[in-house]
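Now for the letters of each chain:
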Amino acid sequence: GAAPRMKPPRPAPPLAARTRRGGDQDPMKLVKESRDGVAVLTLKGEFDSFVTGSFSTEVGKLQDEGANRIVLNQRLVKYINSTALGSIIKARKACREAGGDLVISAPSPAVREAMESLGLDRVFRIFEDDDAAVLALAGASDSAGPGARA
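Parameters at a glance
- Residues numbered from 1 in each chain as written.
- Predicted model: local features only at pLDDT ≥ 70, side-chain atom pairs only at ≥ 80, totals over all residues.
- Heavy atoms only, no water.
- Salt bridge = Lys/Arg side-chain N within 4 Å of Asp/Glu carboxyl O.
- Helix = DSSP H or I, 4+ residues; strand = E, 2+ residues; numbered from the N terminus.
- Buried < 20%, exposed > 50% of the residue type's maximum accessible area, 1.4 Å probe, protein only.
- Polar contact = N/O pair within 3.5 Å; in protein donor to acceptor, adjacent residues only side chain to side chain.
- Contact = heavy atoms within 4.5 Å.
- Phe/Tyr/Trp six-rings, centres within 6.5 Å; stacked < 30°, edge-to-face > 60°.
- Lys NZ or Arg CZ within 6 Å of the ring centre and 35° of its normal.
- Pairing = 2+ DSSP bridges.
- Right-handed = clockwise from strand over helix to strand, strands pointing away.
- Core = buried A, V, L, I, M, F, W, Y, C linked by side-chain atoms within 4.5 Å.
- Expected span 1.5 Å × (residues − 1).
- Arc of directions from axis to C-beta.

A. Main features of the pattern of salt bridges. Scanning all chains against the criterion turns up eight salt bridges. Close ionic contact of D131 with R35 constitutes a salt bridge, the shortest N to O distance being 2.5 Å. Placement of the pair is D131 in helix α5 (residues 130-138) and R35 in strand β1 (residues 28-35), with a sequence separation of 96 residues. Among the ionic pairs, E128 bridges to R112, the shortest N-O distance being 3.4 Å. Of this pair, E128 sits in the loop between β5 (126-127) and α5 while R112 sits in helix α4 (residues 109-117); the two residues are 16 residues apart in sequence, bridging distant segments of the chain. Residue classification places E128 among the exposed positions, given a relative accessible area of 58%. Taking relative accessible area as the criterion, R112 reaches 29% and is therefore assigned partly exposed. Each of R92, R96, D101 and R125 takes part in a single network of salt bridges with overlapping partners.

Written as structure tokens, this is what we have:
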């Protein structure tokens, strides 16, 4: 039968590939910027169980600083697993409880596919780019919302 996955099975546990000392690439990079009171986090690389801790810590720090409106740009995410998606769901819940929100911007094909397979594309607001996402969140603090007045 034709296997849907392209990768052949690997005998070595996935951990082995990640723990190379002095490896020049981290599994994932995270770049933070602030735009109009909205935190934009650009993720780059592989978002898996090994980096969910540092992602959650980063989001926790932002929330401690009062940033509860967060855009996750996932244009450069090559791979994401369910643990990572779980940490995004948790982060979104915390943002919403604080009166903000967490939205996804520019999901890569891998991210979009993973989110759709779990039905998360119906849970999260997903924007094509940071500008649209920031605009949507920047207006969120205004109780009437942008298009409320005629």
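Following the structure, the description resumes.
B. A look at the side chain of E58. Along the chain, the position of E58 falls in helix α2 (residues 52-64). A polar contact is formed between the side chain of E58 and the side chain of K32, at a distance of 2.7 Å. Among residues more than four places away in sequence, those in contact with E58 are L30 and K32.

C. Focus on the packing of aromatic side chains. Counted under the stated rule, the structure contains one aromatic pair. Here R92 stacks its cationic end above the ring of F124, 5.2 Å away from the centre of that ring.

D. Highlighting the pairing of strand β3 (residues 69-80). Two strands pair when backbone bridges link them, and strand β2 (residues 38-47) and β3 are joined in this way by eight bridges, in the parallel orientation. Paired with A39 across the bridge in β3 is I70. Once you follow β2 into α2 and on to β3, the crossover reads as right-handed. Bridging between β3 and strand β4 (residues 101-105) involves five bridges; their strand directions are parallel. Residue N73 lies in a different strand from β4, and its bridge partner there is S105.

E. Main features of the pairing of β2. When you tally the buried positions in β2, you get eight out of ten residues, the bulk of the element. Here β1 folds back onto β2 in antiparallel fashion, the turn holding two residues, of which D36 has a positive phi close to 55°.

F. Looking closely at the nonpolar core. Counting residues in hydrophobic clusters, the biggest one holds 26 residues, and the most contacted among them are F47, F55, I70, L72, I80, I88 and L102. Elements that contribute at least two residues to this core include exactly β2, α2, β3, α3 (82-97), β4 and α4. Of the residues forming this core, the biggest block, five residues, is contributed by α3. The residues touching I70, leaving out its near neighbours within four places in the chain, are A39, L41, V59, L62, C95, D101, L102, V103 and L137. Within the second largest apolar cluster, eight residues are counted, among which are V40, V103, V134 and L137.

G. Layout of α3. Between the first and last C-alpha of α3 there are 22 Å, a value that for 16 residues agrees with the 22 Å anticipated at 1.5 Å per step. Listed in full, the buried residues belonging to α3 are A84, L85, S87, I88, A91, R92 and C95. Along the axis of α3, the buried positions cluster into a sector of 155°, meaning they face one direction only. Exposed residues on α3 whose side chains face more than 90 degrees from its buried face are S82, K90, K93 and E97. Elements in contact with the buried residues of α3: β2, α2, β3, β4 and α4. N-capping of α3 is provided by N81, with a side-chain oxygen placed 3.2 Å from the backbone N of T83. Downstream of α3 by one or two residues, G99 has phi in the positive range, about 90°.

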